[in-house]
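Letter by letter, the chains look like this.
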Amino acid sequence: MEWQPAEEPLIQLSGYLRDSLNGTDPAAQKHATEVLKEAECSPDINNYLTYLFIRADPLPRFSAQDWLLVRQAANLLLKNHVKQNFKQFPPANLEYLKTKILLGLQDPHFQIRGLTGNVITELVRQGGILSWTDLLARLITIVEGSDPSLGEISPGAQEGAVSALAKVCEDNKRSLDRDYNGNRPLNVLIPKFLQFTSSPHSKIRAYSLGCINIFLPSKTQSVLVHIDSLITVIFSLAQDNSNAVRREVCRAMVHLVDICPDKIYPHLGGIVDYMIAQQLKVEEPDLSLDAAEFWLTAGEHDQLKLGLGPYLDKVVPTLLKSMVYSDEDIARLAGRGDDADVEDKAEDIKPIFAKSKQRLPNGENADVGDFATNGAKSAGEQAIDDLSDGEIDEFSEDEDGDEDPEDRWNLRKCSAAALDVLASVYHQPIFEIILPYLKDNLRSDQWPYREAAVLALGAVAEGCLDAVVPHLPELIPYLLTLLNDGEPLVRQITCWTLGRYSRWAATLPDESLKRRYYVPMMEGLLTKMLDGNKRVQEAGASAFASLEEQSQLELKPFIEPILRQFVIAMDRYKDRNMFILYDCIQTLAEHVGQALAEKPHVDILMPALIKRWEKVKDNSRELFPLLEALSYVATALGMVFAPFAQPIFYRCVRIIHQNLEMYIQQAAKVDENSTEGAEWPDKDFLVCSLDLLSAIIQALDSASGQLVASAQPGFFDLLVVCMGDPNNDVRQSSYALLGDCAIYVFPQLQQYLPRIMPLLIEQLDMSNNEPEFDELGAMDAGYSVVNNACWSCGEIALKQGSFCSGMAPYVERLYTRLLTIVQTPDIPSSVTENAAIAIGRLGLGSCDDLAPHLEDFARPFLDSIKNVAETDEKDTALRGFAMIVGRNPEAMETCLVPFFKCIAKYREPSPELHCLFQQTVTGYQGFIQDFGAFISQFPPDVQNDLQERYRL
């Protein structure tokens, strides 16, 4: 017998649901919320919520408007219950929900149909595709209009069903593309979606093509087998009267550039005309933006980018036209005056995340983002990155439409990024096309056109620099006058564009030219950092950071006035722009290095930084960029940082301790079956604090040992906990700090090795560190942790190996793990290089232990280390390796040639390494019967090097 609700509880629950969304009576709303919270304990609460949500007819005493509120509140609670307590649902209640929820797709209210899809999606998200085996089939039959259990299917129900399918597809891209007992759901879905694109209802056509677009970037075989049919569908829908359908057509075209460029290349002329036509439909900004995305993708595709050449005279003017602020944006943005004294709202401040560092084989830092991609970015990615510096921010969805248009990815920004990409491909022809536009608009008396022309000039700065350079002596002085334009948006974009030409100014060969262009550019940007408008301040600071990066040591004569301006800004800036100012300070410290340590500079900068350090609270997100800036400052100042180090060091220790304590307390509170709603402490506080501790230890060298020894709670007690943290970024910074401790404060570290080494050995286990990839193919930080663990292992081996028994308790386990790493294919080179260096350094104190294994690791060791620069790390690793070879020379039979090449090509070995190389060469000279024949197989340059350096 089917479950039925009791009448009285049903009416009471309906009243509380209505009141919970009644903002006009706060007391009733609060009471209703409390009662509904208590009602969660009722075993049938989810059945009641399902019943009320599905019931279209109001109960007595409820108006139609009130009843809609009841149903919306019931849906919200029901979805949250599924999200938080899915595993606790009684089977009967779950079955009732699945049976009834699809009825919501038939509801006359489009809001209810959409909310139904939300619950369906949450059920699949929590239970997985296999938890509701007939869902996809049911939704498909509803879209087809043939589900017998629902009677006559309305067009609204069909639209609701395909909308639900779209949500399920979006949330389950991977699981739908897997085999289940020989069946792959996507093999059924894609043909159905293609079929539904011919529906007479535009929403069904749009949703169906949108569902296919969800899977196109993954290039799954389920889609590729239908690619010809899909292209036919796309072309047939290109002139659809629905803007939503044409948006999906544009998106599909963008995906097809990567998937099958050979199939769309013959139609490129028509596609170009189509995309231009869609982009010019400014009354439909979302459609225009989707069309403009095509130029970004096609412009960086090896096959298509050159094919765009014949159409540049049409494409580029379209981009230029799209770079002018829309009338709506002008109305919202124009004329904003001075607001530098207005406090920032919380929502104005962009999220700030800690930047994890990985250690290269030379001991230097690299950002994890560069590590994961080996430093390579596509032209489009680089364009968007560059255009984000004070002008174009990274893409974010604006769901409510109320966000400042300056903070959204929009048609104007996309067009500028596309122009940048095309300029990087075609160079001078692009500038020749935009030059008349620049002449007509740079001095326009209408600021939107003046602003757009400055944006265009900045967008082509990289790709067209050679063509622009002859005009810069005239353009730069004019741009400097625009820094005082009456419209803040013009001042803002001018800062950004000057930043884009900072490399030209910083590398001028003649001092008189630098005084004419470089110095005024620097002064102008510094002045704009104190503009009365906060957006202009932001753009000025971002552009100045770009100038710092390009100038490097050219900044040394100007450090004092730069710092004075930074200190004034530090006193005036509100929260948002403080983050950018920290980046300016960090960049200056990074590029002028020890020049910052001069007393006048320290006396200007450090009091202001310490004042801010004392003002920022331990739980403020401003602490992240401040800690990072202090890390660079500490590194630049070296021992000069010592007077400021103690309170900063101890506060970092305290922050780490507080964060770990909060994590333990939260873990104790959380129900073992659910972590939903848990307020876990932000791990970025750990990462930034660990990184600053590293910087202070590096700056103070062995003098930091006193800080480490006297820290409370115990420094290494906390580090051990961080080394075992589940968060990759925390472990990555922990192992970087461990390596620095091995270098600078080994006497304090040594007694903790029995606790630390097991964790280090465990971290080196590749079976525990399988990398994961996101949908764009970017690697997670797991390998960066292994990388830093390998590096710290090498530093510990270097120090501990010199002691009696040294690394003996750990050498076999370390060797096994490190050998696995250097033998693993397709991992970042810095990981295998650091692992090889660690193996070599183990040989310094454990050569007898490693000698029996030499035949196994010699070849991967030499392969891994051959491209490492001649650093102390490589030198000591080769010393250890040579010592191992000396204990077991016969094992080198199969790889003696690459070892001798390594010896010959090593230009500046230390005296110790040269002596070991000499012993090796001399030893094999007596060991190999026909040594002359052996040497003759090398190229002449290698033979000469061996003969000259090692007296053959």
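Computed from a prediction, not measured in an experiment: that's the story for all the values here.

Participant: Hey, could you go over the nonpolar core for me, with residue numbers and the actual values?
Facilitator: Nonpolar side chains in soluble globular proteins tend to end up buried together. Formed by 328 residues in total, the largest nonpolar core has its most connected members in Trp-295, Ile-430, Phe-566, Phe-715 and Met-892. If one sorts the elements of this core by residue count, helix α35 (residues 684-700) sits on top with twelve residues. Dropping the residues within four chain positions of it, Ile-430 is found in contact with Leu-312, Val-316, Leu-419, Leu-422, Ala-423, Val-460 and Cys-464.

Participant: Give me the lowdown on the environment of Pro-448, citing residues and values where you can.
Facilitator: As for its placement among the helices and strands, Pro-448 is situated in helix α23 (residues 447-459). Separated by 106 residues in the primary sequence, Pro-448 and Glu-554 place their C-alpha atoms 35 Å from one another. Sequence-distant contacts of Pro-448, that is, excluding residues within four places in its chain, are made with Val-324 and Ile-330.

Participant: With reference to specific residues and values, describe the environment of Leu-10.
Facilitator: In this structure, Leu-10 sits in helix α1 (residues 7-20). Remark: the alpha-carbon pair of Leu-10 and Leu-59, spanning 49 residues in sequence, is separated by 9.1 Å. Residues contacting Leu-10, with those up to four places away along its chain left out, are Pro-5, Tyr-48, Tyr-51, Leu-52 and Leu-59.

Participant: Outline the side chain of Gln-918, listing residues and values.
Facilitator: Checked against the element boundaries, Gln-918 lands in helix α47 (residues 911-927). Gln-918 has contacts with Arg-949, Tyr-950 and Arg-951, leaving out every residue within four places of it along the chain.

Participant: Please provide a residue-by-residue account of helix α26 (residues 488-500), values included.
Facilitator: Between its first and last C-alpha, α26 extends 19 Å over 13 residues, near the 18 Å set by a 1.5 Å rise per residue. With 13 of its 13 residues buried, α26 lies for the most part within the structure.

Participant: Got a sec to walk through the packing of helix α21 (residues 411-426) against helix α22 (residues 428-441)? Specific residues and values, please.
Facilitator: Relative orientation of the contacting elements α21 and α22 amounts to 130°, with a least axis distance of 6 Å. It follows that α21 is oblique to α22 by the angle criterion. In contact with Leu-419, Leu-422, Ala-423 and Tyr-426 of α21, α22 contributes Gln-428, Pro-429 and Ile-430. Of the residues that constitute the contact of α21 with α22, the class distribution is six nonpolar, one polar and no charged.

Participant: Break down unusual backbone geometry for me, with residues and values.
Facilitator: Across the junction of Gln-712 and Pro-713, the peptide omega takes the value -5°, indicating a cis bond. Looking at where Pro-713 falls in the secondary structure, it is placed in the loop between α36 (705-710) and α37 (715-723). The backbone phi angle of Lys-219 is positive, close to 55°, even though this residue is not glycine. The class of Lys-219 is partly exposed, set by a relative accessible area of 43%.

Participant: Quick rundown of the pattern of salt bridges? Include the residues and the values.
Facilitator: Across all of its chains, the model carries 45 salt bridges by this definition. In this structure, Asp-240 engages Arg-205 in a salt bridge whose closest nitrogen and oxygen atoms are separated by 2.8 Å. Placement of the pair is Asp-240 in the loop between α12 (227-237) and α13 (243-259) and Arg-205 in helix α10 (residues 202-215), with a sequence separation of 35 residues. Connected through salt bridges with shared partners, the residues Arg-247, Glu-248, Arg-251, Asp-286 and Asp-290 form a single ionic network.

Participant: Could you give an account of helix α42 (residues 811-823), naming the residues involved and the relevant values?
Facilitator: Helical geometry: 3.6 residues make up each α-helical turn, so side chains three or four residues apart lie on a common side. Counted at 1.5 Å a residue, the expected span for α42 with its 13 residues is 18 Å, and the 18 Å between its end C-alpha atoms agrees. Those residues of α42 not exposed but buried are Val-811, Leu-814, Tyr-815, Leu-818, Leu-819, Ile-821 and Val-822. Looking down the long axis of α42, one finds its buried residues gathered within 160° of arc, a one-sided arrangement. Next to the buried residues of α42 lie α40 (753-763), α41 (782-800), α43 (829-850) and α44 (854-865).

Participant: Which residues make up the packing of aromatic side chains, and what are the values?
Facilitator: The tally for this structure, following the rule as stated, stands at 29 aromatic pairs. Each ring, one from Tyr-518 and one from Phe-558, has its centre 6.3 Å from the other, and the planes form 65°; the classification is edge-to-face. Separated by 40 residues along the polypeptide, Tyr-518 in helix α28 (residues 511-528) and Phe-558 in the loop between α29 (534-551) and α30 (559-572) bring together distant segments of the chain. For Tyr-518, a relative accessible area of 2% gives the class buried. On the basis of an interplanar angle of 90° and a centroid distance of 5.4 Å, the ring pair of Phe-934 and Phe-938 is categorised as edge-to-face. Like Phe-938, Phe-934 is buried. Cluster of aromatic residues (ring-pair linked, three or more members): Tyr-815, Phe-857, Phe-861, Phe-881, Phe-899, Tyr-906, Phe-917 and Tyr-950. If you follow Arg-412 out to its NZ or CZ, it ends over the ring of Tyr-325, 4.1 Å from the centre. Against the face of Tyr-478 rests Arg-443, its NZ or CZ located 4.0 Å from the ring centre.

Thresholds, definitions, all that
- Residues numbered from 1 in each chain as written.
- Predicted model: local features only at pLDDT ≥ 70, side-chain atom pairs only at ≥ 80, totals over all residues.
- Heavy atoms only, no water.
- Core = buried A, V, L, I, M, F, W, Y, C linked by side-chain atoms within 4.5 Å.
- Buried < 20%, exposed > 50% of the residue type's maximum accessible area, 1.4 Å probe, protein only.
- Helix = DSSP H or I, 4+ residues; strand = E, 2+ residues; numbered from the N terminus.
- Contact = heavy atoms within 4.5 Å.
- Expected span 1.5 Å × (residues − 1).
- Axes fitted to C-alpha atoms, helices over the stretch in contact; angles between N-to-C directions.
- Parallel < 35°, antiparallel > 145°, perpendicular 65-115°, else oblique.
- Nonpolar A, V, L, I, M, F, W, Y, C, P; charged D, E, K, R; others polar.
- Salt bridge = Lys/Arg side-chain N within 4 Å of Asp/Glu carboxyl O.
- Arc of directions from axis to C-beta.
- Phe/Tyr/Trp six-rings, centres within 6.5 Å; stacked < 30°, edge-to-face > 60°.
- Lys NZ or Arg CZ within 6 Å of the ring centre and 35° of its normal.

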